[in-house]
Amino acid sequence: MTELPLLSVEIVRRRIGERQTTATALAEACFGAIAAANPRLNGYLTLSQERARTQAERIDRLADQGLPLPPLAGVPVAVKDVLSTRGLRTTCGSRMLENYLPQYDATAVERLEAAGAVILGKVNCDEFAMGSSNENSAYGPVRNPWDTERVPGGSSGGSAAAVAAGLGVAALGSDTGGSIRQPAAFCGVVGLLPTYGRVSRFGLVAFGSSLDHVGPLARSAKDAAYLLAAIAGADPKDATSADVPVPDYVAELEQPIAGLKIGIPCEAFAAAGETGGLDAGVNAAVRGALDALERADCQLVEIRLPHTEYATATYYLIATAEASANLARYDGVRYGFRAPEAESLGAMYRQTRDHGFGAEVKRRILLGTYALSAGYYDAYYRRAQRVRARIAEDYRQAFQQVDVIAMPTTPTPAFRIGERIEDPLRMYLNDIYTVSADLAGVPAISLPCGLAGGLPVGVQFTGNYFAESLLLRLAHHYERLRGPIGPPPAFATPGGNGAQ
Amino acid sequence: MAETESRYEPVIGLEVHVQLNTASKIFCSCTTRFGDPPNTHTCPVCLGLPGALPVLNRAAVDKAIRAALGLNCTVRETSIFARKNYFYPDLPKGYQISQYDRPLAEHGHLELETDGAAAQRIGITRLHLEEDAGKSMHEGFPDSLHRSYVDLNRAGVPLIEIVSEPDLRSPAEAHEYLTRLKEIMLYLDVSDCNMEEGSLRCDANVSLRPRGQTAFGAKVEIKNLNSFRFLQRALEHEIERQAQVLDTGGRVLQETRLYNAAEGVTRGMRSKEEAHDYRYFPEPDLPPLRVSAAWRAEIERHLPELPKARRERLVAQYGLTPYDAAVLTAQPALAAYFERAAAGAANAKGIANWVLGDLSAWLNGHGAAVEQAPVPPEQLAALVGLIDGGVLSSKMAKDVFARMAAEGEGAEAAVAALGLRQIGDAGAIEAIIAAVLEAHPKQREQYQAGKTALLGFFVGQVMKASQGQANPGMVNDLLRKALEAK
Ligand SMILES: [Zn+2]
């Protein structure tokens, strides 16, 4: 196993099935690579060797007996630390849950394992998934494998970095305002935001419940398709999960893309100028991707998403309002951190939450509490919900004209650690291209479309409700047109895996 | 009180929480059973663990719709769950899932039945579904001085909150309203309405206004009214208190007060505790609750007869007094018992007397529910049949009932076992009478000389000689005949 970064889901399964390797050996190799790279990347917070070994041995027994292997047989995956894992520490990147051991598995985790995946451990993220740079983790920032002085994006920064650096074949992330796609773009991997309800949220620690999604990060659209196929589908434990049949995402990848209508929202390229600007390198890479698709007989159509300019404000009102309630349970009473020595109940609450939460989480709880307060509810929360409906309506209109909407995933490539942390507003505007899909509940995928200044750039395709198959197919075809990108130079040498 | 109420008119509205008697909690599958060791009926959902999600229990909605229909409410086609945010250690999520601006049902009413007066209709503003909180325990532990404990067995048990219009005008009316409400809930089998166990809880809003004034006065909310007695007493106290404030030229403060049952007074809660902004907003984890016309109709079809209708029917069908009908219907099981016994019986009134008399006394004496009645309804009917058929005197019947209850025997078997068959044969009774007259010639002379009060003496002697088994009516008739015949 000298070329971990190159492994795909299919290769892993084939090699295990043909007895060229074992799931156990593969997991061990991954743990070795993690041990070597983690001091530099800070991606993994908790390893699950025991659990991985048990699962790997199960897969190896199947292979020994010549039995058919499940679709993700032996595939090593990383799980973002906001997904509940039984008996496996789940910190949410917060001091509050530093020693929290869940009693149960998130549905997505349970389904991954049922499909044969081997869970390597829990990966770092912004505290309670609140952030766009991973600098908000109580356990230190994750570093971008392409340039360790830069952020990997957030909040699923650990997931994206682990996949990019080959510390796992794929990962689970969560996306509330771009938290899968933005780090995927910054780290040069594929990140898929499924339709709201497509993947169960049961066990995903809530940030903004009406916006939270679980989705895969992988090194190819095909691997993402394998993961989505494993985790998608209705869940009786999540009342907001959708009872819509799950197509065969992998099989449908090979259907043609010629004739697809791809909408280009003028706002995405124009409005960016007012808000800090669309980086020229990003612009060029994304335009290059669109040109390639046009040459492959896709039709580019200019469209409008007129309410996009309100998306960021709308998003921050709704997400923080919901967060203010979702994070009320961290009160020191039943689990997690409790301030010692508090003199009264009120003091216990205040000190627990003051010391247990980081600055960004507290900022958002305050924002959200304010937006829901008597006298402000109509002006903020209710109005935001109205704008949200308009944004969803924009998408409905657009998808009457086109099959897919394309735009950049982020306005710039990965920025430097520390560059924006003191400027929350500028940090929030980094989500400008990603929040709309979460608000509308439609699916979107980000995949690398080139480099700008040696850093990966992501192009984003957004589809109609439950059009994941189409998005994956388009991404898959585009990957062929594009040719390989990555792995990051420092992680490219065989056996290297960041061990330098 | 009466003096106060001649000057001020109390305006009262009640907020009643009724715990639904579903098998499992409203948003998870934990049992709702009461009285088990703390924190044994919990799961990730009702513990509020990170990432757990609520899933609505349809059975709770069924019961809530039943209750709403029983209170003549309009059930909304779409209602919305909302989060009510506040911090308290027994509230695991830091918010309660309730309903706010779109409750399950609205615009209902129930009728008070005050003696003789025309039925009075009390409006029901709304009825909504919500989850219960857990229980904080501040006492009874070695370290209770500086520590409290929380039991979350009750967290997530389904509740309905029923809010009345401010249509009640006296503590007695409030008491009557709660009585009728409880009765309806019991009839609908949506709750056991056990106030000691907290499955029926009541808060009251009360204000005073000078007689003749239409505008409402400042409203005071009283919490902690956990028995019918407390409700009435607390309201009486509060009305007096507000009257005094008004009489001395003061202004009633709009506030929340707690009733202290031990001292019989209400006390203002510290303003900090009541200064809540609950920041309600729609619960994003639960889709809107849709109640289709078909669903509502299905529940409507299975609604049982409600107490008022049943009372009226018992009076019409069985010739019971309104009072007896009311006592019977106060417990649905008792009324059902009566109706099973009375089915096909000739003397329904007699059966009612036994149900309300010896049977109820036995149940009270044994602390037993009607379901544990020691005599099946058919056998009670048989017993009454034996009395009506002259086989048993009422006095004998009491012994027979006791035997039936103790031994689980049927009426006939108990009569046989006790050897208590009444002598109803005129020849046999005449023979005993002859012997008694023979034995008491002196008294017989006195009777015949006009001292007819001695009839009782002779009756006693005959009954004694028959070991109590002679039919007393026949003994009377035949004795008189024998004495007057000379
Ligand atoms: Zn539970």
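Predicted, not measured: the structure shown is a model, and the values here were computed from it.

Parameters at a glance
Residues numbered from 1 in each chain as written. Chains lettered and ligands numbered in written order. Predicted model: local features only at pLDDT ≥ 70, side-chain atom pairs only at ≥ 80, totals over all residues. Helix = DSSP H or I, 4+ residues; strand = E, 2+ residues; numbered from the N terminus. Rg over C-alpha atoms; globule rule 2.2 N^0.38 Å. Buried ≥ 20, exposed ≤ 12 C-beta atoms within 10 Å, placed from the backbone. Contact = placed C-beta atoms within 7 Å. Nonpolar A, V, L, I, M, F, W, Y, C, P; charged D, E, K, R; others polar. pLDDT = per-residue confidence, 0-100. Pairing = 2+ DSSP bridges. Right-handed = clockwise from strand over helix to strand, strands pointing away. Core = buried A, V, L, I, M, F, W, Y, C linked by C-beta atoms within 7 Å.

Notes on the overall build of chain B
Consideration 1: Counting its regular elements, chain B contains 17 helices and 16 strands.
Consideration 2: Since a compact globule built from 486 residues should have a radius of gyration of about 23 Å, the 30 Å found for chain B marks it as more spread out than a globular shape.
Consideration 3: C-alpha atoms of chain B, sized along the principal axes, occupy 95 × 55 × 55 Å.
Consideration 4: Out of the 486 residues belonging to chain B, those deemed buried represent 38%.
Consideration 5: Restricting the contact set of chain B to residue pairs at least 6 apart, pairs at least 24 apart contribute 68%.

What to know about the interface of chain B and chain A
How big an interface is tends to be stated in terms of the accessible area lost upon association of its parts.
Consideration 1: Listed as interface residues are 25 residues of chain B and, on the opposing side, 34 residues of chain A.
Consideration 2: Counted by class, the side of chain B that touches chain A contains 16 nonpolar, 4 polar and 5 charged residues.

Some points on the environment of Trp146 of chain A
All names here are of chain A.
Consideration 1: In this structure, Trp146 sits in the loop between β3 (118–123) and α5 (157–164).
Consideration 2: The class for Trp146 is buried, based on 25 C-beta atoms found within 10 Å.
Consideration 3: For the pair Trp146 and Asp378, spaced 232 residues apart in sequence, the C-alpha to C-alpha distance is 45 Å.
Consideration 4: Not counting chain neighbours up to four residues away, the residues in contact with Trp146 comprise Cys187, Gly188, Ala414, Leu455, Pro456 and Pro488.

Structural notes on the confidence of the model for chain A
Residues and elements named next belong to chain A.
Consideration 1: When pLDDT is averaged along chain A, the result is 94; 96% of the residues meet or exceed 70.
Consideration 2: The low-confidence segment residues 271–275 (pLDDT under 50) makes 9 contacts with residues lying over four places distant or belonging to another chain.
Consideration 3: Counting interchain partners and residues more than four positions distant, the pLDDT-below-50 stretch residues 494–500 has 22 contacts.

What to know about the pairing of strand β13 (residues 255–260) of chain B
Residue and element names in this part refer to chain B.
Consideration 1: Two elements, strand β12 (residues 220–223) and β13, share 4 bridges in a ladder whose sense is parallel. Bridge pairing links Val220 to Glu255 in β13.
Consideration 2: What joins β12 to β13 is helix α4 (residues 228–247), and the crossover it makes is left-handed.

A few points about the nonpolar core
Consideration 1: Membership of the largest hydrophobic core comes to 230 residues, with the highest contact counts inside it found for Val77 and Val190 of chain A together with Ala68 of chain B.
Consideration 2: Discounting chain neighbours no more than four positions away, the residues touching Val190 of chain A are Ala184, Leu217, Ala218, Arg219, Ser220, Ala221, Ala224, Ile445, Leu447 and Ala475 of chain A.
Consideration 3: Ala342, Leu363, Leu386 and Met404 of chain B belong to the second largest nonpolar core, which has 35 residues in total.

Observations concerning unusual backbone geometry
All names here are of chain A.
Consideration 1: Put simply, Gly154 and Ser155 share a cis peptide bond, and its omega is 5°.
Consideration 2: One can find Ser155 in the loop between β3 and α5.
Consideration 3: The phi torsion at Asp297 lies on the positive side, around 75°, for a residue other than glycine.
Consideration 4: Structurally, Asp297 can be placed in the loop between α10 (280–295) and β8 (299–303).

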